[in-house]
Amino acid sequence: METVLQYFSINPVFYIFATLAVIFALMMVTSENPVYSAIFLVLTFFCLSVIYLTLEAEFVAVIQVLVYTGAIMVLFVFVIMLLNLGRDAQLTEYAGPMKYLSILLGFAILIQIGLATKVTFSIGAKGAYPIERVNEMGNTEAIARELFSQYLYPFEIASILLLLGMIGAIVISKKRPD
Amino acid sequence: MIGLYHYLMLSLILFCIGLAGLLIRRSVISMLISIEILFNAVNLAAVSFNRFLYPNSVTGQIFVVFIITVAAAEAAVALALVMAVYKNFKTVEVSGLTTLKG
C-alpha cells in the first residue's frame with residue numbers, strides 16, 4: 001500500500017490532475033446545458049480524488065468518489081432529467097464595459113489572495129497519530145478511531161442532520177392537499 | 001517538489017471558478033453545482049493543511065468527512081426546493097423568481 005501511495009506522490013501526477021481539474025471546472029461553469037455541467041463536475045471530482053491520493057488521504061479520496069460522484073451527482077442529474085430543463089436553462093451573458101472591468105478586478109482579487117497566502121507556516125504539535133502509526137495501520141483506521149472516540153457527538157449530530165435533511169426533502173417536495 | 005502552496009493555489013483557483021459560476025449562472029441548479037465546487041475547494045485546503053502542517057493527526061480529514069455529510073444534506077434539501085419552485089413557477093431561472101420583490 002505504501003508503494004502505491006509513493007507512486008501517487010510523484011510530481012507530474014499532481015500537475016496533470018490539477019490542470020485537468022481546473023479545465024473541467026472551467027468547462028463546467030461555461031457549458032450551457034446543465035447535464036454537461038453535471039458531467040464535467042463529476043470529472044472534476046475524479047481529478048480531485050487523485051489529488052487527495054497524492055496527499056496520502058486515501059479514505060477521503062474514496063469517500064469523494066462514493067458520496068459525491070455516486071450519490072450527490074446522481075441526485076443532481078436525476079433532478080435535471082426530471083425537470084426536463086434541456087436547453088432553456090442557458091448561460092446568460094451580460095455584455096458591456098463593466099464585464100472587462102469585472103474580469104480585471106477578479107484577477108486582482110485572485111492575485112491579492114495568492115499573495116496573502118504567502119505567509120510562513122510551521123508544522124504543528126504532535127497529535128495522537130504519529131506518521132509511523134498511520135502508515136502501519138492505515139489512514140482509514142486512524143480516521144475511524146478518531147471519529148468514533150473524540151468526534152462521537154459531532155458524528156451523531158451529523159446523522160441527525162442527515163435524517164432532518166431527508167425528512168425536509170420529502171416534506172418540501174410532497175404534493176400538498178388542496 | 002510539490003508543497004503546501006501548490007495545493008492552496010489549486011484550491012484558490014477552484015474556489016474562484018466556483019464563485020464565478022455561482023455569479024454568472026442564472027439557473028438555480030447550475031448555481032448549486034457551482035456551490036459543490038466551492039465545497040471541494042475548501043475540502044482540498046483542509047486536507048492539504050492537515051497533510052503538511054499537522055501530519056501526525058487526521059483532524060482535517062475528519063472535518064472533510066463532516067463537510068461532505070453536510071453537503072449531501074444540503075443537496076437533498078436544495079434540490080427538493082428546486083422541485084417545489086419549478087412546480088409553482090414553471091421555471092428555475094433566478095430572474096423569474098421575484099415574488100418577494102413587492
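As the structure is a computational prediction, the values presented were derived from the model and not from experiment.

Cut-off values and rules
Residues numbered from 1 in each chain as written. Chains lettered and ligands numbered in written order. Predicted model: local features only at pLDDT ≥ 70, side-chain atom pairs only at ≥ 80, totals over all residues. Heavy atoms only, no water. Helix = DSSP H or I, 4+ residues; strand = E, 2+ residues; numbered from the N terminus. Buried < 20%, exposed > 50% of the residue type's maximum accessible area, 1.4 Å probe, protein only. Contact = heavy atoms within 4.5 Å. Areas by Shrake-Rupley, 256 points an atom, 1.4 Å probe, with all protein chains shown as cover. Axes fitted to C-alpha atoms, helices over the stretch in contact; angles between N-to-C directions. Parallel < 35°, antiparallel > 145°, perpendicular 65-115°, else oblique. Left-handed = near helix turned anticlockwise from the far one by under 90°. Core = buried A, V, L, I, M, F, W, Y, C linked by side-chain atoms within 4.5 Å. Buried area = accessible area lost by both parts, 1.4 Å probe. Salt bridge = Lys/Arg side-chain N within 4 Å of Asp/Glu carboxyl O. Polar contact = N/O pair within 3.5 Å; in protein donor to acceptor, adjacent residues only side chain to side chain. Nonpolar A, V, L, I, M, F, W, Y, C, P; charged D, E, K, R; others polar.

Enquirer: Just checking my understanding: could you explain the overall build of chain A for this structure?
Expert: Across its full length, chain A carries eight helices and zero strands. For chain A, the sequential pattern of α-helices and β-strands runs α-α-α-α-α-α-α-α. Counting all 178 residues of chain A, 34% fall into the buried class. Put simply, of all contacts in chain A between residues at least 6 apart along the chain, 58% involve residues at least 24 apart. Counting only carbon and sulfur atoms, one obtains 71% of the accessible surface of chain A, whose full area is about 11100 Å².

Enquirer: Explanation requested: the packing of helix 5 (residues 97–116) of chain A against helix 1 (residues 4–24) of chain B in the structure shown.
Expert: Packed helix pairs are specified by the crossing angle of their axes together with the interaxial distance, meaning the distance between the axes. At a minimum axis distance of 11 Å, the contact between helix 5 of chain A and helix 1 of chain B shows a crossing angle of 155°. One way to sum up the angle between helix 5 of chain A and helix 1 of chain B is to call them roughly antiparallel. Like other packed secondary-structure pairs, helix 5 of chain A and helix 1 of chain B cross with a definite hand, here right-handed. Contacts from Leu110(A), Ile113(A) and Gly114(A) of helix 5 of chain A reach helix 1 of chain B at Met9(B), Leu12(B) and Cys16(B).

Enquirer: Would you mind going over the nonpolar core with me for this structure?
Expert: Looking at soluble globular proteins, one finds that nonpolar side chains tend to be buried together. One finds Phe76(A), Leu10(B), Ile29(B), Ile33(B) and Leu44(B) to be the most contacted residues of the largest nonpolar core, which totals 51 residues. Broken down by secondary-structure element, the contributors of at least two residues to this core are helix 2 (11–30), helix 3 (34–54) and helix 4 (58–83) of chain A together with helix 1, helix 2 (28–53) and helix 3 (59–89) of chain B. When near neighbours in sequence (up to four residues on either side) are disregarded, Leu44(B) contacts Leu48(A), Ile51(A), Tyr52(A), Leu55(A), Tyr7(B), Leu10(B) and Ser11(B). Counting residues in hydrophobic clusters, the runner-up holds eight residues, among them Ile143(A), Ala158(A), Val58(B) and Phe66(B).

Enquirer: Which parts of the structure should I look at to understand the interface of chain B and chain A?
Expert: One frequently used descriptor of interface size is the decrease in accessible area upon assembly of the parts. Contact with chain B, which involves 66 residues of that partner, is made by 80 residues of chain A. Sorting the residues of chain B by area buried against chain A places Arg25(B), Ile33(B) and Asn56(B) first, and these three jointly supply 11% of that buried surface. Residue Glu56(A) pairs with Arg51(B) through a salt bridge whose shortest N-O separation is 3.5 Å. Our count for the contact surface shared by chain B and chain A stands at 10 residue pairs in polar contact (both at pLDDT 80 or more). Within the residue set of the side of chain B that touches chain A, elements represented by two or more residues are helix 1, helix 2 and helix 3 of chain B. Tallied by class, residues from the side of chain B that touches chain A come to 47 nonpolar, 13 polar and six charged.

Nothing here speaks to function; it is all geometry.
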